[in-house]
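Survey of secondary and tertiary structure
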Amino acid sequence: MPLLIVWTHNSDEDAEIFDDLKGSILGYLEREEGLSLGRGYLMDVFGPDGALQHRLDARP
């Protein structure tokens, strides 16, 4: 299962912004890189200061 590590310049930890970011990244990786998410994925998002903003476990 893929582990996605994302660094963002946005220091906003709002869940709505995270959902938009997540959708954008996953859509790109599926379309352009052929990534299969059928078994789920893990995603860690770090802010500009290196602090963990979000940790998502999307395994079925």
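See the structure above.
1. Quick word on the sheet that holds strand 1 (residues 3-7)
Taken in spatial order, the three strands line up as 1-2-3 in an open sheet, and their pairing is mixed. What marks the edges here is a single partner per strand, and that holds for strand 1 and strand 3 (52-57). Averaged over all neighbouring strand pairs, the angle between strand axes comes to 10°, with direction disregarded. Here five bridges tie strand 1 to strand 2 (residues 42-46), and the two strands are oriented parallel to one another. From the neighbouring strand, Leu4 faces strand 2, where its bridge partner is Met43. Across the sheet, helix 1 (residues 15-33) lies against strand 1, strand 2 and strand 3, angled at about 125° from strand 2, the strand it touches most.

Reading guide: rules and limits
- Residues numbered from 1 in each chain as written.
- Predicted model: local features only at pLDDT ≥ 70, side-chain atom pairs only at ≥ 80, totals over all residues.
- Heavy atoms only, no water.
- Pairing = 2+ DSSP bridges.
- Helix = DSSP H or I, 4+ residues; strand = E, 2+ residues; numbered from the N terminus.
- Axes fitted to C-alpha atoms, helices over the stretch in contact; angles between N-to-C directions.
- Contact = heavy atoms within 4.5 Å.

By themselves, these are just geometric observations and shouldn't be taken as functional.
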